[in-house]
Amino acid sequence: MDVHTGVTDVVLDPRRPDVMYAATYQRRRHVWGMVNGGPGSGIHKSTDGGQTWTRLKEGLPKEDMGRIGLAVPEGEPDTVYATIEAANKAGGFFRSLDGGRTWERRNEQVSGSAQYYQELFCDPKDPKRVYSLDTWMQVTDDGGKTWRRVGEKYKHVDNHALWIDPANSDHLISGCDGGVYESRDRGATWEFKANLPIIQYYRVAVDNARPFYTVYGGTQDNFSMGGPSRTRNLHGATNADWFVTQGGDGFYSQVDPDDPNTVYSESQHGGLARFDRRTGERVELQPLPAPSEEPYRWNWDAPMMLSPHNGKRLYFAAQKLLRSDDRGDSWTAVSPDLTRKIDRSRLKIMDKVWSVDAVARNASTSFFGNIVALSESPKVEGLLYVGTDDGLIQVSEDGGKAWRRQERFPGVPDLTYVSCLSASPHQAGTVYATFDNHKEGDFKPYLLRSRDRGRTWESLAAGLPERGSVYTVREDPAREGLLYCGTEFGLFFSLDAGKSWSKFTELPTIAVKDLAIQAREGDLVAATFGRGFYILDDLTPLREARAELLEREAHLFGLRPALAYVPAVPFGGPGASFQGDSLYLAPNPPFGAVFTYHVNTEPQSLKKQRQAKEKEALKAGQAPAIPSWDALRAEDREQAPAAVLIISGPDGQVVRRITGDAGKGVHRAAWDLRFQNPAPIKVKKEGERDPWDYGAHGALAAPGRYQATLAFQVDGVLKTVSEPVSFEVKPLDADRLTPAQWTEFSAFCARMGEAQRRAMGASERLTEGQTRLDAVRKALLETPAVDAVNLEKARGLHGELKALRDLLSGDAVVGRYQEPTVPGILGRIADVTGSVWNTTQLPTASQRQNLAWAEEGLQGVNGRLEEALATLTALEAALDAARAPHTPGRAIR
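Residues numbered from 1 in each chain as written. Predicted model: local features only at pLDDT ≥ 70, side-chain atom pairs only at ≥ 80, totals over all residues. Heavy atoms only, no water.

1. So, the overall build of the chain
Each helix and strand counted, the chain has 9 helices and 54 strands in total. By principal-axis analysis of the C-alpha atoms, the chain measures approximately 115 × 75 × 70 Å. Looking at the chain residue by residue over its 893 residues, the buried ones come to 51%. Surface summary for the chain: the accessible area is close to 42,200 Å², and the carbon and sulfur share equals 51%. Each charge class in the chain can be summarised by its mean position, and for the 109 positive and 118 negative side chains these summaries are 1 Å apart. (Helix = DSSP H or I, 4+ residues; strand = E, 2+ residues; numbered from the N terminus. Buried < 20%, exposed > 50% of the residue type's maximum accessible area, 1.4 Å probe, protein only. Areas by Shrake-Rupley, 256 points an atom, 1.4 Å probe, with all protein chains shown as cover. Lys, Arg positive; Asp, Glu negative; His and termini not counted. Charge placed at Lys NZ, Arg CZ, Asp CG, Glu CD.)

See the structure below:
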């Protein structure tokens with residue numbers, strides 16, 4: 001078999017497993033072009049389980065064939081179907097009725113882009129019904145003689161996979177460029193599976209919108225689009241939060257830094273448009289050559305950028321670099337053709353130059369000889385870097401008046417595609433470059449840096465995996481030498497300017513095509529090819545990370561300001577709001593102040609310390625020491641070690657303690673900006689969580705400076721292990737409350753929380769008292785030595801506790817008969833807290849009045865409750881004197 005030939009399809013005879021058919025495929029794709037077939041393409045048959053093969057020829061095209069798809073229907077093992085791409089229109093749909101010995105062309109239909117499709121699927125119930133996957137899914141009901149579209153009015157095209165239910169062939173599941181669709185009427189209608197986060201992004205960009213920035217990107221055949229980095233909703237973003245800015249295959253997006261409503265985005269081959277978020281209008285901006293010019297050779301993924309020095313200046317590149325200073329309304333070329341100007345028709349593919357009639361020659365490939373990477377130095381206006389698909393880097397230091405060409409790079413093969421250029425945000429002369437040579441079968445990482453404006457280069461790829469093309473690189477704008485690198489197999493970072501690299505292990509092993517850093521928030525956004533966008537929130541820990549800090553027992557990093565607001569909760573609860581389990585929700589980042597800490601020396605429990613010593617003894621060839629029973633009891637009674645974040649308010653008083661993971665490594669924990677929940681402490685959760693319960697609540701922290709300290713809790717003892725870190729709590733809506741109103745709001749919340757604490761505490765004590773009294777009344781009746789007068793006292797006490805319950809919770813008897821009742825104390829407080837806990841607005845007059853009434857009523861209830869519990873204690877004493885059996889809550893003396 002030729003080195004360029006592979007097997008693209010294998011089908012088995014459904015009744016004879018040793019009989020199989022295979023389609024071979026001779027193809028090679030380079031950056032400069034493609035040939036999709038040759039003499040190595042064909043159909044082969046084996047009757048001995050693949051040990052030997054015979055090439056089938058009679059009735060098949062004699063021209064060079066391209067990609068071939070095969071199928072054998074259930075129930076007719078001698079019938080074989082084939083869809084064949086071939087030169088000079090010799091291809092089509094073929095059928096054999098004798099196990100492949102002879103073939104008949106049933107139809108000249110051939111896939112529009114066979115290298116993408118060419119898959120056949122037979123209906124398991126009807127051997128003459130065959131589906132052909134193509135841009136539009138086709139079906140034949142007569143063994144291939146005639147074809148029709150299945151019907152995809154509201155379904156994405158470009159089909160690649162199909163499952164047919166063997167029990168009900170009307171039930172189809174299709175995999176296409178748009179995702180997964182299901183039909184139960186043989187393709188007449190389709191249901192889209194909207195909860196699969198599998199979109200393939202080529203590019204990513206971010207804007208400066210407030211309160212939360214927007215993420216933009218271009219996708220594989222699913223448009224250019226934008227969506228929120230986070231939402232004000234508790235549940236996060238839904239698919240409906242996203243919007244399309246340009247059609248087709250999506251690529252670069254850029255957003256006016258001063259006007260987030262102006263978005264520039266593109267489709268394949270330079271389809272640039274300016275999108276207005278306010279109106280949804282789209283103005284096409286693609287530059288066209290003058291009649292006397294050569295055609296523009298746009299790459300499939302043509303680079304476009306806004307100048308970091310002028311938010312209205314656009315750069316856009318074909319084989320020339322074009323500039324617009326009026327938002328794309330007009331264009332000026334600022335360079336000549338910056339490529340090698342190679343005639344790709346004369347380049348070898350599969351070791352030879354091919355005829356223009358070769359199978360699918362250059363089909364669905366980018367034009368060759370164009371600019372594919374672009375960057376301008378943020379430090380020097382007009383210092384431009386351009387990279388080409390034929391391996392050149394061109395530099396202009398005067399805004400495009402003159403260009404300097406570089407064509408040799410250490411360790412990089414000639415003609416290697418320049419996948420990314422990124423000028424340093426710190427040093428005027430520093431630029432980073434990545435090269436991608438995977439189309440030549442070379443998957444090495446090529447990552448280089450120049451510190452003299454592209455004159456000389458050095459490799460930074462040491463430490464990256466030997467196999468894994470590099471697609472993108474960025475230097476952190478806040479820390480010089482902190483680099484981020486996207487590769488075929490994940491995302492990496494370097495703390496030492498590329499001397500060593502570490503992988504972000506929480507990110508799936510997926511191709512990372514592009515990166516963007518949102519400067520205001522300090523977030524890193526990664527565009528993955530198959531898993532959507534990922535956002536690493538708050539780069540502060542990486543920006544602060546130093547070897548000496550990581551060598552400490554533990555270290556608490558700084559953090560960005562925490563935004564104080566109340567996340568909106570949709571009706572129907574904090575999750576899918578009655579929309580079912582299939583609703584896709586992209587979660588928001590943790591709310592509040594998010595702390596990152598590093599544990600170098602993990603606190604050890606007594607048990608772990610003993611086990612470590614035992615391992616050392618065994619390693620030294622010694623018998624482990626046997627612990628005493630007292631030592632084992634101490635292990636059993638020890639509280640597990642934990643990390644504790646101690647948070648202090650502006651006055652220095654501790655306002656919360658948050659527990660976290662104390663294991664070795666990097667951890668994050670969030671404070672929700674709430675003070676302690678006033679509700680009674682529950683050691684164990686009681687049953688399943690109410691779906692409308694979105695978390696315990698205390699008062700929202702007022703804006704100001706707070707401080708956090710990291711401690712380890714070992715066997716109940718807190719030990720501080722980090723320096724304190726100061727951070728700011730900022731209101732998301734700065735115009736909502738003035739500082740004086742925040743003071744008033746916080747005072748009311750404190751008063752409200754205290755009333756809730758006392759009322760709920762009284763309710764718990766009342767419930768506990770009722771439980772004790774129920775047992776006491778039973779014991780009084782069953783203990784002969786008890787004076788019977790105590791039964792009368794217990795009956796009176798029962799009535800008093802019921803009356804107190806009515807005061808706290810409302811009249812239970814009236815409520816039982818579905819009649820309205822006056823709210824109890826707890827109901828009034830819940831009405832106030834249910835609103836005030838969930839707003840950043842001053843309480844209403846009604847809420848203030850309700851709280852005052854609740855406080856007044858609570859004062860009387862507490863006095864009566866104390867008297868009632870004293871009576872209960874006296875009854876329990878009488879039981880104890882009479883030697884009655886134990887009752888709950890009673891001490892036996």
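Resuming the write-up.
2. Here's the deal with the side chain of Ser41
Here Ser41 lies in the loop between β4 (34–35) and β5 (42–46). The class of Ser41 is buried, set by a relative accessible area of 1%. Of note is the side chain of Ser41, whose polar atom sits 2.9 Å from the backbone nitrogen of Gln26. When near neighbours in sequence (up to four residues on either side) are disregarded, Ser41 contacts Thr24, Tyr25, Gln26, Arg55, Met65 and Gly66. (Polar contact = N/O pair within 3.5 Å; in protein donor to acceptor, adjacent residues only side chain to side chain. Contact = heavy atoms within 4.5 Å.)

3. Focus: the sheet that holds strand β38 (residues 458–459)
The 4 strands lie next to each other as β35-β36-β37-β38, forming an open sheet whose pairing is antiparallel. Of all the strands in the sheet, the pair left with one neighbour each is β35 (417–423) and β38. Here 2 bridges tie strand β37 (residues 446–450) to β38, and the two strands are oriented antiparallel to one another. Looking at the pairing, Leu448 lines up with Ser459 of β38. (Pairing = 2+ DSSP bridges.)

4. Some details on the environment of Ala593
Mapping Ala593 onto the fold places it in strand β48 (residues 593–599). Residues contacting Ala593, with those up to four places away along its chain left out, are Leu559, Ala562, Ala669, Ala670, Trp671, Leu673 and Phe727.

5. Details of the sheet that holds strand β25 (residues 271–276)
Ordered by their spatial adjacency, 4 strands build an open sheet running β23-β24-β25-β26, and the pairing between neighbours is antiparallel. Each of the sheet's edge strands pairs with one partner strand only, and the pair in question is β23 (250–255) and β26 (282–284). Averaged over all adjacent pairs, the angle separating strand axes in this sheet is 25°, with direction ignored. Strand direction decides the pairing type here: β23 and strand β24 (residues 262–267), joined by 4 bridges, are antiparallel. Among the inter-strand pairings, Gly250 is bridged to a residue of β24, identified as Ser267. (Axes fitted to C-alpha atoms, helices over the stretch in contact; angles between N-to-C directions.)

6. Some points on the nonpolar core
In terms of nonpolar packing, the biggest core is built from 71 residues, with Phe595, Trp671, Leu673 and Phe727 touching the most fellow members. Element by element, the count of residues in this core is highest for helix α5 (residues 739–782), at 13 residues. Once you skip the residues sitting within four places of it in the chain, Phe595 turns out to touch Leu556, Leu559, Leu645, Ile647, His667, Arg668, Ala669, Trp671, Ala708 and Phe727. By size, the runner-up hydrophobic cluster in this structure holds 18 residues, among which are Ala23, Leu56, Val80 and Trp103. (Core = buried A, V, L, I, M, F, W, Y, C linked by side-chain atoms within 4.5 Å.)

7. What to know about the packing of α5 against helix α9 (residues 845–881)
Look at α5 against α9: their axes get within 9 Å of each other, and the N-to-C directions meet at 30°. Overall, the two elements α5 and α9 adopt an arrangement that is roughly parallel. Note that α5 runs across α9; the crossing there is left-handed. Split into classes, the residues belonging to the contact of α5 with α9 amount to 18 nonpolar, 4 polar and 9 charged. (Parallel < 35°, antiparallel > 145°, perpendicular 65-115°, else oblique. Left-handed = near helix turned anticlockwise from the far one by under 90°. Nonpolar A, V, L, I, M, F, W, Y, C, P; charged D, E, K, R; others polar.)

8. Examining the pairing of strand β29 (residues 321–324)
Direction of pairing for strand β28 (residues 310–317) relative to β29: antiparallel, over a ladder of 4 bridges. Residue pairing across strands places Tyr315 opposite Arg323, the latter belonging to β29. Taken together, the 2 bridges between β29 and strand β30 (residues 332–333) define a ladder with antiparallel strand orientation. Paired with Leu322 across the bridge in β30 is Ala333.

9. Description of the pairing of strand β31 (residues 371–376)
Burial analysis of β31 places 6 of its 6 residues in the buried class, which makes it a mostly covered element. In this structure, β31 lies alongside strand β32 (residues 384–388), joined through 5 bridges in antiparallel fashion. Paired with Ser375 across the two strands is Tyr385, which belongs to β32.

10. Let's talk about the pattern of salt bridges
This structure, assessed with the given rule, holds 57 salt bridges. In this structure, the salt-bridge partner of Arg16 is Asp13, at a minimum N-O distance of 2.6 Å. For Arg16, a relative accessible area of 37% corresponds to the partly exposed category. Residues Asp325 and Arg323 are paired through a salt bridge, measuring 3.3 Å at the closest nitrogen-oxygen approach. With a relative accessible area of 41%, Asp325 lands in the partly exposed category. Residues joined by salt bridges that share partners form a network here, namely Asp123, Asp126, Arg129, Asp141 and Arg148. (Salt bridge = Lys/Arg side-chain N within 4 Å of Asp/Glu carboxyl O.)

11. A look at the packing of aromatic side chains
Under the criterion given, the structure shown has 24 aromatic pairs. Through pairs of rings, three or more aromatic residues link up here, namely Tyr202, Phe251, Trp300 and Phe529. Above the ring of Trp190, the side-chain terminus of Lys155 is found at 5.4 Å from the ring centroid. Here the guanidinium or amino end of Arg848 rests over the ring plane of Phe748, the centre of that ring lying 5.8 Å away. (Phe/Tyr/Trp six-rings, centres within 6.5 Å; stacked < 30°, edge-to-face > 60°. Lys NZ or Arg CZ within 6 Å of the ring centre and 35° of its normal.)

12. Observations regarding the side chain of Ser605
For Ser605, the location among the structural elements is in the loop between β48 and α3 (606–619). Only 3.2 Å separates the side chain of Ser605 from the backbone nitrogen of Lys608, close enough to count as a polar contact. Ignoring any residue separated from it by four or fewer positions in sequence, one finds Ser605 in contact with Glu638 and Pro641.

Take it as geometry only, folks, not as evidence of what the structure does.
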